[in-house]
Amino acid sequence: MKKSLVILFAATLGLAACNTEKKGPGGLLYKIHKDGGSKDKIKEGDIVKLNFIQKNEKDSILGSTYDNDQAQVFPVGKKQYAGDMQDVLTLFGEGDSATFKINLDTMAAQTKQPKPEQFKNDKYIVFTVKVEKVFKKGPKEDDATFQKRASDFFQADFKADMDKKKTAEPAKIKAYVEDNNLKVQTSASGLQYVIEKPGDAARAVEGDTVNVNYTGRFTKKGDDKKYKVFDTSDEKIAKEAKVHQPGRPYGPTKMVIGSTVPGFTEALKLVGKGGKITAIIPSKLGYGEQGGGPIAPYSPLVFEIEIIDIIKPKAGAAPAAATPVAPAAGHSANDGHNH
């Protein structure tokens, strides 16, 4: 399913204030959790900002804007048929929240496209959504003025969100350390780490290639009360965390020292062959204010790393080729987000 469709599906809620599941157009089922009180409902051309959790019928979480604390912003388009996601948007307003179920058979019939592969055995795709903001065009406002006003508003809104994330980062790291009773050491760079096993005395240096097992997690728990895995070399963990990528090679992964983000590189140098380390990487040593793939701006990360081997380059030879690390499902290994 294209990301744009997922986002627009996510916005198909808020039909009427009620506490029981009701039927809507196109086989839609919905239940309102909170009526935001807005009488001015969404219209075609409005720009909306919303948070959502996407699930399948088995209640497995497939996506969530809450994972990286970043609501989605998009314009409301013209409906293609009665009861489609654009049509349903017009039934609710700012502040509304609800859980709704989109009928996938109706979608397939109306769009003349097969069900997305991940939903082939499902009748519904389920969303829980909160409408954070509805930005509207003025009565006699021309398009250019509206677009400029919307751009200015959402840029300022985004900056405020980023400032909030930056300010909150130290508290996230502190909470993770305390919640997991970790006895961390802190390096001069700000990397916090726990050496679980030091390994051999020799340490990797710039230009060496290391063969590692690793798992990367966020410091924030998801809706399942677990720390969400965003990348791992362990296929079993990937499947359990639902970030498995069919066809991707799992198992020990080769990385050249100096080719990963600074915090990961520093952690690799702290243990020898056979060593294990847990590294808590602040965003300044990770993906910074830009983020990358599933990693939001100002996101501290936790990596569990085991060094299987350290490979020294041969005299006069280029460093051994490293197997790229895919940051998460849906992101290519060569998109610039390697560790």
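Our subject is the structure that appears above.
Residues numbered from 1 in each chain as written. Predicted model: local features only at pLDDT ≥ 70, side-chain atom pairs only at ≥ 80, totals over all residues. Heavy atoms only, no water.

With respect to the nonpolar core
Rules: What we call a nonpolar core is a set of buried Ala, Val, Leu, Ile, Met, Phe, Trp, Tyr and Cys residues that are connected through their side-chain atoms within 4.5 Å. Throughout this description, buried means an accessible area under 20% of the type-specific maximum (1.4 Å probe, protein chains only), exposed means over 50%, and partly exposed covers the range between. Strands here mean DSSP runs of E at least two residues long; helices mean DSSP runs of H or I at least four residues long; both are numbered from the N terminus. Residues are treated as being in contact if the distance between any of their heavy atoms lies within 4.5 Å.
Residues Val210, Val212, Phe264, Leu268, Phe303 and Ile305 are the most contacted members of the largest nonpolar core, which totals 26 residues. If you list the elements that add at least two residues to this core, you get strand S10 (209-221), helix H6 (262-268), strand S13 (276-281) and strand S14 (301-311). At five residues, the largest contribution of residues to this core is made by S14. Discounting chain neighbours no more than four positions away, the residues touching leucine 268 are Ala204, Val210, Val212, Ile257, Ile305 and Ile307. Among the nonpolar cores identified, the runner-up in size contains 22 residues, and Ile42, Phe74, Val76 and Val88 belong to it.

Topic: unusual backbone geometry
Unlike most non-glycine residues, asparagine 181 shows phi in positive territory, near 50°. Looking at where asparagine 181 falls in the secondary structure, it is placed in the loop between helix H4 (143-179) and strand S8 (185-186). One non-glycine residue, lysine 242, lies in the positive phi region at around 60°. Relative to the helices and strands, lysine 242 is located in the loop between helix H5 (235-241) and strand S12 (253-256).

Observations regarding the packing of aromatic side chains
Here is the rule: Ring pairs are drawn from Phe, Tyr and Trp, using the six-membered ring of Trp, whenever the two centres fall within 6.5 Å, and their geometry is named by plane angle: stacked under 30 degrees, edge-to-face over 60, tilted for the rest.
Under the counting rule described, the total for this entry stands at 12 aromatic pairs. Between phenylalanine 135 and phenylalanine 153, the aromatic rings sit 5.2 Å apart at their centres with planes inclined by 35°, giving tilted as the arrangement. Here phenylalanine 153 lies in helix H4 and phenylalanine 135 lies in strand S7 (residues 124-135), a separation of 18 residues in the sequence. For phenylalanine 135, a relative accessible area of 6% translates into the label buried. Classification of phenylalanine 153 as partly exposed rests on a relative accessible area of 30%. Here tyrosine 176 and tyrosine 227 contribute two aromatic rings whose centre-to-centre distance is 4.7 Å and whose plane-to-plane angle is 70°, an arrangement assigned as edge-to-face.

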